[in-house]
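Structural description and commentary
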Amino acid sequence: VVRRLGTALGTHDDDDMLTIILRSTAGSCMQKIMMQLPRTAGAVFLGGSSGLRRRARYGLCGTFSSSAREGDDTNTDDEQRRRQQRALSSPRRVWRSASSSEGETTVASSWSSPIDDKSKGDLRAVLDRIGEQELESGRMKQNHQGVFRADPSEDLRLMIENFTVPALASALRDREDTLQECAALMARGQLKDLADVLRPYEAKYVQMRRRRENLLDMQENGFEDSTVLERLRRSLMKMPRRVSSAFERRAAVVLPLCNVNGVPAVLFEKRARHLRAHPDEVCLPGGMVSAGDDKSIVGTCLREMEEEIGGMDHESITVLGVLRCNWGEVHHLTGVAVTPVVCYIGEISHLNLQPSADEVAEVFTVPLSSFLNRDRWVKRENFAPIFCGGPHVIWGLTGYIVDRFVKDVLRRYTIELPRTSDE
């Protein structure tokens, strides 16, 4: 049977046939077939010293050997010695104590299958058991909540960049007062009062408070929610000041937040094709500061937006604050120190916006959810990010400003947005 199978497989070498048979799904079946063959056939196939080596090589000792089937103690001892020799030659060693092994002495052997070769159910059961034991015995390091973030380095960065030295000193003084009050209550044995003082610092209350404070819920009203606008305004005000007066040429642009049928979005312009500078490129409304006409940076960008886009209710625009970018990076991108001003321009779905044909080819909106999707961004070292999730590619200074707004302002919050029909 084996010879015929070898012919069908295209080989007549005994070693090759055994390798193919025993590695195939039919290996176990072939072992059963060989057990049914006459003893002479088994002895011929695996006879002599070469047959013994072959049995040892493929781990078949005691399976095909007729003498083993007769209960030959000598062959059993030889088989055990061979197994131990294989174990000693393997780098995957195991030494089992006499109490856990079959014999009375320590037995050297080897292991074959790693733990992750088990079925997913078995591995999951092991991991669940470990998890329960870890909870009982504790972690290597306690998971503290921090002041703003659980990560210590991120927590320190936020405090350094968003608070003045007097504010941090005042917070440190408040913390010291609280600790002294706790120590006094403990010394007097007033444990109930001590628990009342410390309760707000419990992990569940800290997480609950942060979820409430860090939530931007725009599901129902988008940017129309006054709480959302106020939190964005506070975030912009807390950004570190990086303005430098070393740049002679100054400009300002608007990052216009808006609602389109209640869905939060951002408004963009596509520059006219006949313009000499940056034709056909996506930009934000804005322009150069006019020393004679503009009283402030905010006045500059609002004036430019009114000139470039008609049909907008400019009186109802809400200025949220300045997006404080790295002016050095901005200057390298454009050669001009550009100040982005974040504004909310209202619900615009009912408006008939009229782009100025002299400067603007079209205006369009992109839902805010698209900018929060990291897969729609292309980011390379030393280049401005590129956004590919809109009707036109957004890159250069515009891509840089939108990316900074997402990272420095929006990423601070858990944002809940309405689902749109195209999502």
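In this report, we go over the structure that sits alongside the text. (Residues numbered from 1 in each chain as written. Predicted model: local features only at pLDDT ≥ 70, side-chain atom pairs only at ≥ 80, totals over all residues. Heavy atoms only, no water.)

Some words on helix H14 (residues 297-308)
Taking 1.5 Å per residue, 12 residues should reach 16 Å; H14 reaches 17 Å between its end C-alpha atoms and fits that length. For H14, the set of buried residues is Thr-300, Cys-301, Glu-304, Met-305 and Glu-308. The arc that holds every buried residue of H14, seen down its axis, measures 125 degrees, which confines them to one face. (Helix = DSSP H or I, 4+ residues; strand = E, 2+ residues; numbered from the N terminus. Expected span 1.5 Å × (residues − 1). Buried < 20%, exposed > 50% of the residue type's maximum accessible area, 1.4 Å probe, protein only. Arc of directions from axis to C-beta.)

Observations concerning the packing of aromatic side chains
For the coordinates displayed, the defined rule picks out 6 aromatic pairs. Aromatic side chains Phe-371 and Trp-377 sit 6.3 Å apart centroid to centroid with 45 degrees between the ring planes, which places their arrangement in the tilted category. Across this residue pair, the class does not change: Phe-371 and Trp-377 are buried. Ring pairs connect the aromatic residues Phe-268, Phe-364, Phe-371, Trp-377 and Phe-387, which therefore count as one cluster. Between Lys-379 and the ring centre of Trp-377, over which it is positioned, the NZ or CZ distance is 5.6 Å. (Phe/Tyr/Trp six-rings, centres within 6.5 Å; stacked < 30°, edge-to-face > 60°. Lys NZ or Arg CZ within 6 Å of the ring centre and 35° of its normal.)

Some remarks on the layout of surface pockets
Quantified by volume, the second largest pocket comes out at close to 760 Å³. Taken together, 27 residues make up the lining of the second largest pocket; nearest its centre are Arg-271, His-278, Cys-283, Thr-334 and Leu-397. Ranked by residues supplied to the lining of the second largest pocket, first place goes to helix H17 (residues 396-408) with 4 residues. Taken together, the residues of the lining of the second largest pocket sort by class into 14 nonpolar, 6 polar and 7 charged. (1 Å grid on protein atoms, 1.4 Å probe; cavity = no way out; pocket = protein on both sides within 12 Å on 5 of 7 lines; lining within 4 Å. Points joined across faces, edges and corners; volume = space filled by probe spheres on them. Nonpolar A, V, L, I, M, F, W, Y, C, P; charged D, E, K, R; others polar.)

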